[in-house]
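Structure at a glance
Okay, here's what each chain looks like letter by letter:
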Amino acid sequence: MSKKTIYASVVVLAALVVFGCGKSKTTVTLAGSTAFQPFAEKLAEQYMQSHNNVNITVQGGGSAVGIQSANSGAAQIGMADMVQLPKEAQGLTSVIVARDGVAIVVNPKNPITNLTTDQVRDIFNGKITNWKEVGGNDAPITVVSREAGSGTRSSFEQIIGNIELKKDALVQDSNGTIRETVSNDPNSVSYLSHGLVNEKVKPLTLDGIQPTIENIVSGTYKISRPIFLLVKGQIQGEAKNFIDYILSPEGQKTIKDNGLLPANSK
Amino acid sequence: MKLVGEKGVKRILMAVAFSAISALLLITLFIINEGLPFIFKYGIKDFLFASDWNPAQGKFGIFPMIAASLWVTFGAMIIGAPLGVAVALFLSEYAPRPLMKAVKPTIELLAAIPSVVYGFIGVVVLAPFIRSYFGGPGLSLLAGCIILGIMILPTVISISIDSIMAVPRSYREGSLALGATTWQTIHMVTIKASKSGIIASIILGLGRAVGETMAVIMVSGNSVNIPHAATDSVRTLTANIALEMSYATGMHREALFATGVVLFIGIIILNSFASVALRKRTAKR
Amino acid sequence: MRIDPRHTQKAAVAILAGATVLVLLILVFIIVFILEKGLPVVNLQFLTTNPQEMGRSGGIFPTIIGTIILPVVALLIATPLGVFTAVYLSEYTRENTLTRIIRFGTDCLAGIPSIIFGLFGYIFFVITLQMGWSIMAGSLTLAVMVLPTIIRTSEEAVRAVPKVYREVSFSLGASGWQTVRKVILPNALPGIVTGVMLSIGRSIGETAAVIFTAGSSLRIPTSAFDSVRTMAVHFYLLAREGISQENAYGTAATLIIAVLIVNLTAYWIMNRFIARRG
């Protein structure tokens, strides 16, 4: 084979590799909230098992990326876990597909089991600084919070009310790292998506009410936040089918089994 | 078979260099475009010197973050640079060649460990250690400096080794022939000859430290206050950007990009000092 | 009172050796820590099956593919670009303000946080150039990210080649390009390779820039416009969202071992290459 033929075949091969072997499926891309991403992936996995003609890809990037991609068309569906959608999302149609309860957690070694709403407020504002003021050990309280803008944080602060986070509070940027931090520091307190509470951290009762699924669904336990799916314009086509699936009993069951709450809870 | 002449090669190389530099220019323009308008809107004094960062209320003062970034970078440099150069010297001048050949790639391996992994080790091992022995929450400026210092080691060590090894043997042999000990040769001859490369390695390493986000977010605590002790929790400029970018829209987002601009300018200032220092040294020769 | 140089020599050796031991201990600790937590999870099944349950169970095969493809393509783009830029700057131009500005600029860009590269890549490649979350967007972004390092290290390597070599080559009648190809580049190779190795390392470990551009799809890619997930991103998501600590460490362990193999192989190849040239 002459050099020219070799070059030509390499070029053709490269082109094939780059452009793929041809797509015969429609693709639906979701993007946005990293908190909802694992659930979206699970739902996509299940959906594609019975619907062979669609490819669903789930990307992360955060709720802001979710809104931006829905607006720009980079994604057909944006995911946002904010308490209130900002004005950038005004042109988008939104659907609540799940909710998330927020549990207040401390280190398992902490003897405290309950806090009132007022006590929580004062701790996060910096008015109460030592555990002994709420009936615990004589130790300074390490307050850990999520970052500004986080859906978990906004719902926590909105529902407890009047929180201006004290300046020396630690800030971590995800549920997983909050859990790690609290499990490593015996004097810490923070809040966490209730589906992620495990034996490493101890959930507290708020005003005597346990953060269980029943209590959150019924509204007895106060702190929860919505998960929005955002679409530009009318919801139609394959995107509509997938969203319908998520809202169906099967989809909602998956959501519940994996630690989130169904959409129609309070 | 000559496909292109000498001039042709020069033109091709120029085109290549041009496109590379254009790409870098593009990024620079991007950052400036996204961030500069905000600085003019909000007022540069309030932005840089106020200590109140509260996006929900439209307050965007980044002074605590500037202080934190300065301290963290400084601390990382104090830990990483001398350690790195020392190791580079030892491996190139004193260690047997096969040892150096085995150790260098292993150290470069450290560069491939994702920063989140460093962060996790920092949270799980370093922070509790600091909390028990030094007080404070553990997630602190000190933790940030140590982790960053470790993270820049591969860059400093690798590039310094290359630089030192490139010093011609004749330099060393000349010095030894004049009766100097190995150490005297090192600090009077070899280091001077490889100075440019060593400083380049520290600058690149420092660059990496300043720009590091993930690990810093995980171990430094991210409180928005000016540090008074090494055990205080701090938030660097990069941490500020990365923490809030995923939820930021509108003015908040612009403020974060403006933080990027400040960072960029800070890096430019840092590098200016470095290059001035470098020029002074080479001029003396 | 002058200290006997032999004493300073001994002190110096002790300090330098001590520093080396310290660094090696840290290195060993980190590697052992990750391997101890992660190896129990790693077996053939882990490496060759797809993730299930959002990564809580199953393997990490697609992420291995992503981790190989992205840095490779990124470096295929960045290395020639960077090395030839360095060659051009040091061999074909005279040292003047422009070259100083360029060098300065590349140094500064090495310090930009990776999340900004990620956002740039997202806005430019994913949205404006409409590549979507894809291997193309991811590699191009990574390429731009490591370009400063490659240019800088290559430039240092090229300049370190002694002037004598060039003079001898010219005196033998070689042209500029021939000198570059046959004298300068081979001698600068170790330095260039260092820059490439460091860049590969950085690309593999990168999370923010990759998430925003190559996305985090768990499917095996069939074209350059498909999204992929790398092992670093996988670790990040698993650990961050608290999905599975064990699998996260398993991923990290696999990553470390893979990179170790890659680095050692590259060096072995390079040493053979140098040895053969004599």
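Values in this document were obtained by computation on a predicted structure and should not be read as measured data.

Thresholds, definitions, all that
- Residues numbered from 1 in each chain as written.
- Chains lettered and ligands numbered in written order.
- Predicted model: local features only at pLDDT ≥ 70, side-chain atom pairs only at ≥ 80, totals over all residues.
- Heavy atoms only, no water.
- Helix = DSSP H or I, 4+ residues; strand = E, 2+ residues; numbered from the N terminus.
- Buried < 20%, exposed > 50% of the residue type's maximum accessible area, 1.4 Å probe, protein only.
- Contact = heavy atoms within 4.5 Å.
- Areas by Shrake-Rupley, 256 points an atom, 1.4 Å probe, with all protein chains shown as cover.
- Salt bridge = Lys/Arg side-chain N within 4 Å of Asp/Glu carboxyl O.
- Axes fitted to C-alpha atoms, helices over the stretch in contact; angles between N-to-C directions.
- Parallel < 35°, antiparallel > 145°, perpendicular 65-115°, else oblique.
- Left-handed = near helix turned anticlockwise from the far one by under 90°.
- Expected span 1.5 Å × (residues − 1).
- Buried area = accessible area lost by both parts, 1.4 Å probe.
- Pairing = 2+ DSSP bridges.
- 1 Å grid on protein atoms, 1.4 Å probe; cavity = no way out; pocket = protein on both sides within 12 Å on 5 of 7 lines; lining within 4 Å.
- Points joined across faces, edges and corners; volume = space filled by probe spheres on them.
- Nonpolar A, V, L, I, M, F, W, Y, C, P; charged D, E, K, R; others polar.
- Polar contact = N/O pair within 3.5 Å; in protein donor to acceptor, adjacent residues only side chain to side chain.
- Core = buried A, V, L, I, M, F, W, Y, C linked by side-chain atoms within 4.5 Å.
- pLDDT = per-residue confidence, 0-100.
- Right-handed = clockwise from strand over helix to strand, strands pointing away.
- Bend = angle between axes of the 7 residues up to and from the residue.

Secondary structure assignment for chain A yields 9 helices and 12 strands. Counting the 266 residues in chain A, one finds 56% classified as buried. Considering only contacts in chain A between residues 6 or more positions apart, those separated by 24 or more positions represent 75%. Carbon and sulfur atoms make up 53% of the accessible area of chain A, which amounts to about 11,000 Å² in all.

Turning next to the pattern of salt bridges. Residue and element names in this part refer to chain A. For the coordinates displayed, the defined rule picks out 21 salt bridges over all chains. In this structure, Lys166 engages Asp168 in a salt bridge whose closest nitrogen and oxygen atoms are separated by 3.8 Å. Overlapping salt bridges bring together Asp81, Asp100 and Arg225 as one network.

Right, let's get into the packing of helix H5 (residues 114-128) of chain C against helix H6 (residues 135-160) of chain C. Residue and element names in this part refer to chain C. Packing of H5 against H6 leaves a shortest axis separation of 9 Å and a crossing angle of 135°. Here H5 lies oblique to H6, going by the angle between them. Where H5 crosses over H6, the handedness of that crossing is right-handed. Contacts between H5 and H6 pair Ser114, Phe117, Gly118, Gly121, Phe125 and Val126 from the former with Ala137, Leu140, Thr141, Val144 and Met145 from the latter.

Compared with an ideal rise of 1.5 Å per residue, which puts 16 residues at 22 Å, helix H4 (residues 97-112) of chain B spans 24 Å between its outermost C-alpha atoms and is within 8% of the ideal. Within H4(B) the residues assigned to the buried category are B:Met100, B:Val103, B:Lys104, B:Pro105, B:Ile107, B:Glu108, B:Leu109, B:Leu110, B:Ala111 and B:Ala112.

So, on to the interface of chain A and chain C. You'll often see interface size given as the accessible area lost when the parts meet. Contacts between chain A and chain C engage 40 residues on the former and 30 residues on the latter. Both sides of the chain A and chain C interface together cover about 2,600 Å² of buried area, and 50% of this is carbon and sulfur. Scanning the region where chain A abuts chain C turns up 1 salt bridge. For the salt bridge of C:Arg229 with A:Glu41, the shortest nitrogen-to-oxygen distance reads 2.7 Å.

Taken together, the contacts link 85 residues of chain C with 86 residues of chain B. Taking both sides of the interface into account, the surface hidden between chain C and chain B amounts to around 7,300 Å²; carbon and sulfur atoms contribute 81%. It is C:Leu16, C:Tyr88 and C:Leu198 that lose the most area in chain C upon contact with chain B, and together they represent 8% of the buried surface on that side. In this assembly, chain C and chain B are joined by 0 salt bridges.

What follows is about the pairing of strand S3 (residues 77-80) of chain A. Residue and element names in this part refer to chain A. Here S3 shows two buried faces, one formed by Ile77 and Met79 and the other by Gly78 and Ala80. Pairing analysis gives 3 bridges linking strand S1 (residues 26-32) to S3, with the strands arranged parallel. Bridging across to S3, Leu30 finds its partner in Ile77. Relative to strand S11 (residues 224-232), S3 runs antiparallel, the two being bridged by 3 bridges.

Let us now look at empty space enclosed by the protein. Over the atoms, a rolling probe the size of a water molecule traces out where space has been left empty. Under the definition given, this model contains 10 cavities of 30 Å³ or more. A:Gly61, B:Ser246, C:Phe212, C:Tyr236 and C:Arg240 are the residues nearest the centre of the largest cavity, which is lined by 21 residues in total. By residue class, the composition of the lining of the largest cavity is 10 nonpolar, 6 polar and 5 charged. What the second largest cavity holds in volume is close to 160 Å³. If you go around the second largest cavity, the residues you meet are B:Ala111, B:Thr155, B:Leu204, B:Arg208, C:Ala110, C:Val146, C:Thr149, C:Leu198, C:Ser199 and C:Arg202. Top contributing element to the lining of the second largest cavity by residue count: helix H8 (residues 176-205) of chain C, with 3 residues. Its residues assigned to classes, the lining of the second largest cavity shows 5 nonpolar, 3 polar and 2 charged.

Considered as a void within the structure, the second largest pocket measures approximately 990 Å³ in volume. Along its surface, the second largest pocket is lined by 36 residues, and A:Ala148, A:Gly149, B:Asn54, B:Pro55 and B:Ala56 are the ones closest to its centre. For the lining of the second largest pocket, the secondary structure elements donating two or more residues are helix H5 (151-160) of chain A together with strand S1 (53-54) and helix H11 (250-284) of chain B. When residues in the lining of the second largest pocket are grouped by element, the largest group, 4 residues, is from H5(A). Here the residues of the lining of the second largest pocket sort into 16 nonpolar, 10 polar and 10 charged.

With that out of the way, let us pick up the environment of B:Tyr42. Residue and element names in this part refer to chain B. Along the chain, Tyr42 turns up in helix H1 (residues 6-42). Between the alpha carbons of Tyr42 and Ser220 there is a distance of 28 Å; along the sequence they are 178 residues apart. The contact partners of Tyr42, leaving out residues within four places of it in the chain, are Phe47, Gly58, Lys59, Phe60, Gly61 and Met251. At 2.7 Å, the side chain of Tyr42 forms a polar contact with the backbone nitrogen of Phe60.

Turning our eyes to something else, we now look at the nonpolar core. In terms of nonpolar packing, the biggest core is built from 190 residues, with B:Phe47 and C:Ile34 touching the most fellow members. What B:Phe47 contacts, discounting residues up to four positions off in sequence, is B:Phe38, B:Ile39, B:Tyr42, B:Phe60, B:Gly61, B:Ile62, B:Phe63, B:Ala255, B:Ala258, B:Thr259 and B:Val262. Membership of the second largest hydrophobic core comes to 28 residues, among which are A:Ala103, A:Val106, A:Ile123 and A:Leu165.

Once that is clear, we can look at the confidence of the model for chain B. Residues and elements named next belong to chain B. Across chain B, pLDDT averages 83, with 95% of residues at or above 70. The spread of mean pLDDT over the elements of chain B runs between H11, the lowest at 76, and helix H3 (residues 63-94), the highest at 90. At the level of chain-chain contacts, confidence expressed as ipTM amounts to 0.77, with global pTM at 0.81.

In the case of a regular strand, side chains alternate between the two sheet surfaces. The element S1(A) is extensively covered by neighbouring structure, given that 5 of its 7 residues are classed as buried. In this region the chain leaves S1(A), passes through helix H2 (residues 37-50) of chain A and returns to the parallel neighbour strand S2 (residues 54-61) of chain A; the handedness of that crossover is right-handed.

Here the focus is the environment of B:Asp162. Counting through the fold element by element, B:Asp162 comes out in helix H6 (residues 141-165). Look at B:Asp162 and you get buried, because its relative accessible area is 17%.

Further remarks concern H6(B). All names here are of chain B. With 25 residues, H6 extends 35 Å from end C-alpha to end C-alpha; this agrees with the ideal 36 Å at 1.5 Å per step. At Ile152, H6 shows its maximal bend, which comes to roughly 35°, and the proline Pro154 appears one to four places after that position. Among the 25 residues that make up H6, 22 are buried, leaving the element largely enclosed by the rest of the structure.

Attention now moves to the packing of helix H5 (residues 115-134) of chain B against helix H10 (residues 231-240) of chain C. One can describe the packing of H5(B) onto H10(C) by two numbers: an axis separation of 9 Å at closest approach and a directional angle of 35°. Touching B:Val116, B:Val117 and B:Phe120 of H5(B) are C:Ala232, C:Phe235, C:Tyr236 and C:Ala239, all from H10(C). Among the residues forming the contact of H5(B) with H10(C), the class breakdown is 7 nonpolar, no polar and no charged.

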